[in-house]
Amino acid sequence: MTAYRVMIVDDEAIFRTGLTHLHDWAKDGIEIVAQAANGAEALELMELVQPHVVITDIMMPIMDGIDLVKNVRKKYPDIKMIILSSYSEFELVREVFKYGVDDYLLKPKVTVEELVTLIHSSCETSQLKREYAAPLLKEPSIIISQWFEQEELALSDRHDLLSQLPKQQFSLLVTSIAMLQSLTNTSQYELEQYILQQCYEHFSKVTHMAVFTKHDVSVVLNYDIDEEPMLKPQLVAFIKAVNEKYDTLKFVHSNSMDSLDELQAKYMRLKQLMTKAIYFNNRSLILENEIKLEHTDVSFDHDGFVNAIKWFTFNQAREQLTSYFSDLSEVQGLDEYSLKRFIQLIIYTIMSALEHLHLPFTEQSTEKLKWFKRIDQAIVVNELQNIIGEFIDMVEQQVNERNDQGEMNTLNQIIDFIHEHYQQDISLAELAETFHMNYSYLSWYFKQRTNENLTAYINKVRIEKAKELLKYTDDTISQISSKIGFSEHNYFSKVFKKFVGMTPVEYRHQQQR
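Being a predicted model, the structure only gives us computed values, none of them experimental.

Next up on the list: the overall build of the protein. Helices and strands together make up the secondary structure of the protein, namely 24 helices and 10 strands. For 513 residues, the compact-globule formula gives about 24 Å, and the C-alpha radius of gyration of the protein, at 33 Å, lies well above that figure. Its C-alpha atoms put the protein at 100 × 60 × 45 Å along the principal axes. By residue count, 48% of the 513 residues in the protein fall in the buried class. Residue pairs at least 24 apart in sequence account for 70% of intrachain contacts in the protein once pairs closer than 6 positions are excluded. In the form shown here, the protein has an accessible surface area of approximately 25700 Å², with 49% of it arising from carbon and sulfur atoms. Of note, the protein has its 51 positive side-chain charges centred 5 Å away from the centre of its 75 negative side-chain charges.

Right, dumping it as structure tokens:
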């Protein structure tokens with residue numbers, strides 16, 4: 001007869017099934033009586049299957065492992081609880097031990113022998129209850145991950161690590177998995193298991209240790225000086241194998257270090273360097289010295305770019321961006337976050353410059369979000385350059401489809417003229433003469449293409465400038481009225497209130513609160 005009834009709770013069906021069929025449990029007096037995908041399912045089955053042991057993951061939907069432990073302790077205090085965790089979930093492991101867990105296992109390293117021993121020892125009647133006891137987790141990889149996350153390294157832990165990493169030289173290999181997690185459905189367990197397997201296969205001749213933190217994977221390499229020449233081919237083979245499954249991952253490899261104590265500072269430096277890995281278009285292995293950490297300003301003629309868009313000289317806009325990307329890549333001037341925000345700003349700029357044309361991409365927020373998502377998911381600078389290139393191509397096509405090129409140029413010339421001469425007394429007759437149009441046709445032309453009255457548009461431009469002067473200068477209302485093209489300040493106040501909903505004086509007082 002089977003002695004111990006076991007329930008497995010994990011949201012990964014492959015893991016549950018794999019564990020169930022991993023071993024002939026009956027010969028060791030164990031029966032897998034139930035599987036559940038989350039804590040809520042487990043609680044529904046609990047009374048029916050009456051397990052002696054529950055082996056549960058921590059991170060699950062609907063009800064996680066922490067809440068499951070809390071509920072089981074209240075309703076079924078005699079059931080033994082064993083936690084499954086990934087390396088990066090160590091802080092949660094420490095948390096769940098407060099509620100009465102009997103033991104824990106690292107998912108990527110679970111073995112049949114370890115699990116059988118743990119189930120038997122947990123169920124022995126002579127076993128002392130371990131509720132509320134602090135977990136004694138001494139897994140070397142977890143010690144290093146805590147250290148990397150800014151916890152101090154205890155002397156006893158340092159001694160233990162040196163016994164595991166006894167050789168003269170150290171180096172560190174780091175990759176960010178944040179993008180991988182956002183682009184795929186890869187689970188932490190699957191990733192850890194795969195990385196551990198590749199480390200075992202490709203670093204078998206080098207002392208090594210895989211370290212998992214929340215958004216990064218690191219490999220600590222430990223070797224004697226005479227072993228260093230064989231390190232590079234092993235690194236290349238390891239990264240090639242990892243990229244076969246996770247092709248977005250790029251790795252930065254550090255210079256050699258003479259002491260274990262340098263690892264934490266080196267890890268923090270490599271994390272910063274990873275923000276510049278986007279400049280290495282066709283590389284998965286990048287050396288520490290190849291990345292320029294410092295910020296370098298690269299000038300971009302924003303006004304010139306805006307004018308190129310407004311005058312529909314799209315080739316000029318493309319050339320300006322191509323030159324900027326070339327200069328930026330040469331000096332690695334921006335980190336990944338800043339570069340992506342710059343590209344998004346360019347899209348905003350183009351949309352704002354052409355908003356008056358009411359093109360589809362200027363009116364649909366979903367269009368903007370689609371482009372922004374592509375930018376956020378880009379992993380190399382060439383990809384970003386291609387995205388903004390495609391966006392400009394799309395803009396040019398829509399402009400050409402919408403209107404005749406000559407008419408569009410005329411409209412933008414009128415708008416530019418208004419923005420440059422708003423402080424003058426612009427009459428519609430003079431404006432029509434400037435652009436060689438009939439007075440009535442000019443008004444109709446502007447209204448048809450912008451859906452705005454021409455006189456109202458001129459006043460809107462003036463009022464926006466007036467708001468700036470009221471907010472940032474001490475000019476009197478009369479002075480401001482004169483500066484923005486109104487000959488009579490009472491009329492200015494009337495127009496201002498029509499557009500803003502309050503008088504200039506009220507607006508100034510509101511801004512000064």
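This part is about the sheet that holds strand β3 (residues 53–57). Ordered by their spatial adjacency, five strands build an open sheet running β2-β1-β3-β4-β5, and the pairing between neighbours is parallel. The sheet is open, and its two borders are formed by β2 (30–36) and β5 (103–106), each paired with just one other strand. Neighbour to neighbour, the strand axes of the sheet diverge by 25° on average, direction disregarded. Examined bridge by bridge, strand β1 (residues 4–9) and β2 share six bridges and lie parallel to one another. Bridging from a neighbouring strand, V9 pairs with A36 of β2. Here helix α3 (residues 65–75) sits on the sheet in contact with β1, β3 and β4 (80–85), set at roughly 175° to β4.

The next thing to look at is unusual backbone geometry. The phi torsion at Q50 lies on the positive side, around 45°, for a residue other than glycine. In the Ramachandran plot, I62 falls in the positive-phi region, its phi being about 70° despite a non-glycine side chain. Relative to the assigned elements, I62 resides in the loop between β3 and α3.

A word on the side chain of K276. When you line up the elements, K276 lands in the loop between α11 (263–274) and β10 (285–287). Although K276 is buried, it makes no salt bridge; E294 carries the closest opposite charge, 6.4 Å away. Within the structure, the side chain of K276 is placed 2.6 Å from the backbone oxygen of K292, a separation counted as a polar contact.

Here we come to the sheet that holds strand β7 (residues 207–212). Reading across the sheet, the five strands line up as β7-β8-β6-β9-β10 and stay open at both edges, with mixed pairing between neighbours. The two strands at the open ends of the sheet, each matched to only one other strand, are β7 and β10. Neighbour-to-neighbour, the strand axes of the sheet open up by a mean angle of 20°, direction not taken into account. In this structure, strand β9 (residues 251–253) lies alongside β10, joined through three bridges in parallel fashion. Across the sheet, V252 pairs through a bridge with I286, a residue of β10. Set on the sheet, helix α9 (residues 188–202) makes contact with β7 and β8 (216–223); between it and β7 the angle comes to about 170°. α11 rests against β6 (169–176), β8 and β9 of the sheet, and its axis sits at about 35° to β6.

Let us now look at the environment of F361. Take F361: it is sitting in helix α15 (residues 360–363). Remark: the alpha-carbon pair of F361 and D247, spanning 114 residues in sequence, is separated by 32 Å. The residues contacting F361, other than those within four sequence positions of it, are I350, M351, L354, E367, F391, M394, V395 and Q398.

With 19 residues, helix α21 (residues 454–472) extends 28 Å from end C-alpha to end C-alpha; this agrees with the ideal 27 Å at 1.5 Å per step. For α21, the complete set of buried residues consists of L454, Y457, I458, N459, V461, R462, I463, A466, L469 and L470. You can read the cap of α21 off the contacts: a side-chain oxygen lies 2.9 Å from the backbone nitrogen of T455, and it is on N453.

This paragraph deals with the pattern of salt bridges. All chains considered together, the criterion is met by 23 salt bridges. The residue K107 makes a salt bridge to D57 at a minimum N-O spacing of 3.5 Å. Of the two residues, K107 sits in the loop between β5 and α5 (112–123) while D57 sits in strand β3, which places them 50 residues apart along the sequence. No difference in accessibility class separates K107 from D57, as the two residues are buried. Taking the shortest distance from any N to any O, the salt bridge between E190 and K245 comes out at 3.2 Å. Of the two residues, E190 is situated in helix α9 and K245 in helix α10 (residues 231–245); the sequence distance between them amounts to 55 residues. Taken together, the salt bridges that share partners define one network made up of D10, E12, D57 and K107.

Rules of the game
- Residues numbered from 1 in each chain as written.
- Predicted model: local features only at pLDDT ≥ 70, side-chain atom pairs only at ≥ 80, totals over all residues.
- Heavy atoms only, no water.
- Helix = DSSP H or I, 4+ residues; strand = E, 2+ residues; numbered from the N terminus.
- Rg over C-alpha atoms; globule rule 2.2 N^0.38 Å.
- Buried < 20%, exposed > 50% of the residue type's maximum accessible area, 1.4 Å probe, protein only.
- Contact = heavy atoms within 4.5 Å.
- Areas by Shrake-Rupley, 256 points an atom, 1.4 Å probe, with all protein chains shown as cover.
- Lys, Arg positive; Asp, Glu negative; His and termini not counted.
- Charge placed at Lys NZ, Arg CZ, Asp CG, Glu CD.
- Pairing = 2+ DSSP bridges.
- Axes fitted to C-alpha atoms, helices over the stretch in contact; angles between N-to-C directions.
- Salt bridge = Lys/Arg side-chain N within 4 Å of Asp/Glu carboxyl O.
- Polar contact = N/O pair within 3.5 Å; in protein donor to acceptor, adjacent residues only side chain to side chain.
- Expected span 1.5 Å × (residues − 1).

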